[in-house]
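Inside the fold
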Amino acid sequence: MVRSDLMTDLARGMRAWWVIGLLAALSALAGVFTLPPIDRDESRYAQATAQMLETGNYIEINYLDEPRNKKPVGIYWLQAAAVALTSDAGDRQIWAYRLPSVLGAILAALATFWAGQRLVGREAAFAGAALLATTVLLGIEGGIAKTDGVLAGVTTLAMAALANARSGDRPGWRTALLFWSAIGLGVLIKGPVTPMVAGMTALTLVAWERKIAWLKPVLVWWGPILAGLIVLPWLVSIQIATDGQFLRDALVGDLGPKLVSGHERHGGLPGYHLLVLPVVFFPATLFLIPGVGRVVAALRGDDNRMAGAARFLIAWAVPTWVLFELLPTKLPHYVLPLYPALALAAGWGLVELGKAAHWQRWAGWALFAIGAGVFAIFLPYVFITYGNNASWDAIRLAQAGFEGGFQLGLDPYAAAWVFGSGALFLALSAATLTTDRLRPGVLALVFAVLSGLGWQVAARSGAFAEAYAVRLADQVRAARAYSETITGLSPEDIVTASSFTEPSLAFSLGSDTVLGESWEVVDFALNRSEPTMLVLDLSRSSSLRALLIFGGVTGVHDDDVFLSPPGEDDTQHLYTDFVLRSDFNPLGICHHTLASGTNYARGTNTVLVILFTRCAPEDTANDPQD
């Protein structure tokens, strides 16, 4: 076994819990305060939560004026509590909405340590939990305002309680309380996932071992009642409030399509989750293959306790993993609740690395090197590609008189930060491989954990955070900040109508944002007598782009404008109302600027034309465009 006094010391007492919790917190917090709202799911969750806080309706879930009957209410309540305690809905600070996910990642790591002590011993549990805390996927999901970080936490807590029930150390009623509370909370967070993972684990073990007595500590009569009390009050309330529509939409409209097709273009062949494992499970991949070797060896050995631990880890990971591989809809985070089992196997492999075959060591090095190599290429690519937001369309509009909107070249300070943190990540990865080759053990664990943290800093606080081209919503919000100077209305009071419909814009600007097609938002502004900020996405209207980019923004002087939806003759889609001379302009455009960048949710480069209409007379009179 690869043991040392330092490993024993690290895993001893309360210090181990603090170290694991701190690692998970650092990993999840990287980028929480610097990354913009992410499209599309995170921004939809955050906007729906903001609307709960604004309306005081904590039963129904709405995104703008549409019901969001997809996932249960648990994550929205947690986010609402976090925002109420640390921020305000009107501030639209995305970091406050991310705090429950940070806590979920911490809970996942700590629960892994608790489960591991019952299964593979304290040292292996410490190593596995530390590796899990710094994995790429848990860190990402722990820093995003959606369900999966919290889901990983409550599901791992349920599995830790199940492992405690199996340990034979006379677990008391608290084990059952934790188990059924976690089941209820898991359902309230993301429906069937938590009970599915726990249920498939228990059923697999019962069928494999032909024993059920070990489940007795959690098979208490009041357990399902407790879980029901957590879920049913809200479920009944939402069914009444929506006339039964919530479950129909959630089951038929959201869950059903994922079971039969690649829903929302998130399809993949069986083997998808294994294929991405070397990247999203980094840096724990270094010890995963030796860990699998120890699990297999334990099954074949004479130690009944370790064989039982191996069966538990297999029952935890394999059946649900196979199910997710067979489902046509695939996203990397679907298997995150199974990663604690893999991490504990990796920790087991680390502390008994001396028993690993040479090919297992080489396979571990190869998986680790693949992950490090992918990131070494990907991180600078992201920054170089999206570090500036200049485009020919933006340049043409700037030449025509539009203000602001794009940045030429890379910011030298941002480049120094990105490439410096990337170099640190590569150095730590190289040190990990070197120490694992020359002096395996606790030092290799330390460098592996540091390389995981180094990735979080280089990627989420570096390359992704400094990718200016993807900050379209931030650019629009910055343009709106000048509303009071332009229109006399404060930024919080001016209404925005936008054909750029990504949820990040709705969250950034507020619940009164109007989203629609170009002709819809133009009609909206035309029918208002108050100032309006109009945002037009040129990537969604080729004829509008042709008019503004190639037809010239002042080249149309026709006050016989066409403002209705485009008909059979597509030439009618040329909105001649966009002339910027105020004497010909029925919208009363008094200021125009632009935002330029990449809509990564749609995979398109775009320029957003930002127009202020119906400005205060004194502001219009002084407009230099006249």
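Relevant structure appears above.
Notes on the structure in this doc start here. The model shown is predicted, which means the values in this text are computed figures rather than measured ones. Along each chain, numbering runs from 1 in the same order as the chain's sequence is written. Side-chain atom pairs in this predicted model are given and counted only at pLDDT of 80 or more, local residue features only at pLDDT of at least 70, and totals for whole chains, interfaces and linings cover all residues. To get the side-chain values, all heavy atoms of the structure are used, and hydrogens and water are removed first.

1. Let's talk about the overall build of the protein chain
Counting its regular elements, the protein chain contains 26 helices and seven strands. Taken across its 626 residues, the protein chain has 56% of its residues classed as buried. Any two residues whose heavy atoms approach within 4.5 Å are treated as being in contact. For the protein chain, the share of sequence-separated contacts (at least 6 apart) that also reach a separation of at least 24 residues comes to 77%. For the accessible areas, the method is Shrake-Rupley and the probe is 1.4 Å, while residue cover comes only from the protein chains on display. Surface exposure of the protein chain reaches about 25600 Å², of which carbon and sulfur atoms provide 63%. Helical segments are the DSSP runs of H or I of at least four residues, strand segments are the runs of E of at least two, and each set is numbered from the N terminus. For each residue, the accessible area found with a 1.4 Å probe, counting protein chains only, is set against the maximum for its type, and the residue is called buried under 20%, exposed over 50%, and partly exposed in between.

2. A look at the sheet that holds strand β5 (residues 532-537)
Pairing in this open sheet of five strands is mixed, and the strands run β4-β3-β5-β7-β6 from one edge to the other. Each of the sheet's edge strands pairs with one partner strand only, and the pair in question is β4 (514-515) and β6 (589-599). Bridge count for β6 against strand β7 (residues 604-613) is ten bridges, and the pairing is antiparallel. The partner of histidine 591 across the bridge, within β7, is phenylalanine 612. The criterion for strand pairing is that DSSP finds at least two bridges linking the strands in question.

3. A short note on the packing of helix α8 (residues 148-166) against helix α15 (residues 304-326)
With axes taken as lines fitted to C-alpha atoms, and helix axes fitted only over the stretch in contact, angles between N-to-C directions fall between 0 and 180 degrees. Interaxial distance between α8 and α15 falls to 12 Å at its minimum, and their mutual angle equals 155°. Classified by the angle between their axes, α8 and α15 sit roughly antiparallel to one another. Judged by the sense of rotation from one axis to the other, the crossing of α8 with α15 is right-handed. Counting all contacts with α8, which are made through Thr156, Met159, Leu162, Ala163 and Arg166, the residues of α15 involved are Gly308, Arg311, Phe312 and Trp316. All amino acids are sorted into three groups, where Ala, Val, Leu, Ile, Met, Phe, Trp, Tyr, Cys and Pro are nonpolar, Asp, Glu, Lys and Arg are charged, and the leftover types, Gly among them, are polar. Considered class by class, the residues forming the contact of α8 with α15 number five nonpolar, two polar and two charged. Angles are sorted into four bins: roughly parallel if under 35 degrees, roughly antiparallel if over 145, roughly perpendicular if 65 to 115, and oblique for all others. Take the far helix as your reference; a near helix turned counterclockwise from it by less than a right angle gives a left-handed crossing, and one turned clockwise gives a right-handed crossing.

4. Re the nonpolar core
Side-chain atoms within 4.5 Å link the members of a nonpolar core, which is a set of buried Ala, Val, Leu, Ile, Met, Phe, Trp, Tyr and Cys residues. If you look at the biggest cluster of nonpolar residues, it comprises 129 residues, and the most contacted ones within it are Phe126, Phe179, Phe287, Leu313, Trp316, Tyr339 and Trp348. Sequence-distant contacts of phenylalanine 179, that is, excluding residues within four places in its chain, are made with Ala158, Ala161, Leu162, Ala198 and Val218.

5. Brief notes about the pairing of β7
Buried residues dominate β7, accounting for eight of its ten residues. Two strands pair when backbone bridges link them, and β5 and β7 are joined in this way by six bridges, in the antiparallel orientation. Residue pairing in the sheet places aspartate 537 in a bridge with leucine 608 of β7. Turn length for the β6-β7 hairpin, with the two strands adjacent in sequence and antiparallel, is four residues, and the turn residue glycine 603 shows positive phi of about 70°.

6. Observations regarding unusual backbone geometry
Of note, the amide linkage connecting aspartate 39 to arginine 40 takes the cis form, showing an omega dihedral of -5°. Topologically, arginine 40 is positioned in the loop between α2 (13-29) and α3 (41-55). Following phenylalanine 282, the chain continues into proline 283 via a peptide bond in cis, with omega recorded as 5°. Position of proline 283 relative to the elements: it lies in the loop between α13 (272-280) and α14 (285-300). With phi around 55°, arginine 210 is a residue other than glycine that occupies positive phi space. The exposure class assigned to arginine 210 is exposed, which follows from its relative accessible area of 78%. Phi angles above zero are rare outside glycine, and aspartate 243 is one such case at about 55°.

7. Quick word on the state of the cysteines
Two cysteines form a disulfide when their sulfur atoms are joined by a covalent bond. Put simply, a disulfide is two cysteine sulfurs that come within 2.5 Å. Enumeration over the complete set of coordinates arrives at one disulfide. Note on cysteine connectivity: cysteine 590 is disulfide-linked to cysteine 615, with sulfurs 1.4 Å apart. One end of the pair, cysteine 590, is in strand β6; the other, cysteine 615, is in the loop between β7 and α26 (617-621), and 25 residues separate them in sequence. A residue is classified by how much of its surface remains accessible, and cysteine 615, at 9% relative accessible area, is buried.

8. Brief notes about the packing of helix α17 (residues 358-386) against helix α20 (residues 442-463)
Their axes nearest at 10 Å, the elements α17 and α20 cross at an angle of 15°. Here α20 runs roughly parallel to α17, going by the angle between their axes. Where α17 crosses over α20, the handedness of that crossing is left-handed. Two secondary-structure elements touch here, α17 through Phe368, Phe375, Leu379, Val382 and Phe383 and α20 through Ser451, Trp455, Ala458, Ala459 and Ala463. Considering only residue class, the contact of α17 with α20 consists of nine nonpolar, one polar and no charged.

9. Section: a negative patch on the surface
The grouping of Glu484, Glu492, Asp493 and Asp512 at the surface amounts to a negative patch. If you trace the backbone, glutamate 484 turns up in helix α22 (residues 483-487). The patch calculation keeps residues exceeding 30% relative accessible area without a salt bridge and links them within 9 Å when they carry like charges or within 5 Å when they are nonpolar (Val, Leu, Ile, Met, Phe, Trp, Tyr). Salt bridge, as used here: a side-chain nitrogen of Lys or Arg that lies within 4 Å of a carboxyl oxygen of Asp or Glu. Residues scored as positive are Lys and Arg, those scored as negative are Asp and Glu, and His as well as the terminal groups of each chain are ignored. Note that the charge is assigned to NZ on lysines, CZ on arginines, CG on aspartates and CD on glutamates.

10. Topic: the packing of aromatic side chains
Working definition: a ring pair exists when centres of Phe, Tyr or Trp rings (six-membered ring for Trp) sit within 6.5 Å. Plane angles under 30 degrees give stacked, over 60 give edge-to-face, the rest tilted. Tallied over the entire structure, the rule returns 19 aromatic pairs. Note on phenylalanine 179 and tryptophan 180: the rings are 5.2 Å apart at their centroids and 85° apart in plane angle, and the pair reads as edge-to-face. Overall, the relative accessible area of 7% leaves phenylalanine 179 in the buried class. Here tryptophan 180 falls in the buried class, since its relative accessible area comes to 14%. With 6.3 Å between their ring centres and 20° between their planes, tryptophan 321 and tyrosine 339 make a pair best called stacked. Highlighted residues: tryptophan 321 in helix α15 and tyrosine 339 in helix α16 (residues 339-351), separated in sequence by 18 residues.

11. What about the pairing of β5?
In terms of residue burial, β5 counts as a mostly covered element, since six of its six residues are buried. By the alternation rule, side chains of β5 split into Thr532, Leu534 and Leu536 and Met533, Val535 and Asp537, which are all buried. Relative to β5, strand β3 (residues 495-498) is paired through four bridges, and the arrangement is parallel. What sits directly across from serine 498, in β5, is valine 535.

12. A look at helix α5 (residues 94-119)
Side chains that are three or four residues apart share a direction in an α-helix, a result of its 3.6 residues per turn. An ideal rise of 1.5 Å per residue puts 38 Å on 26 residues; α5 measures up with 38 Å between its terminal C-alpha atoms. α5 sits mainly inside the fold: 20 of its 26 residues count as buried. The positive-phi residue at the C-terminal boundary of α5 is glycine 121, with phi of around 95°. For a helix, the expected span equals 1.5 Å multiplied by the number of residues minus one.

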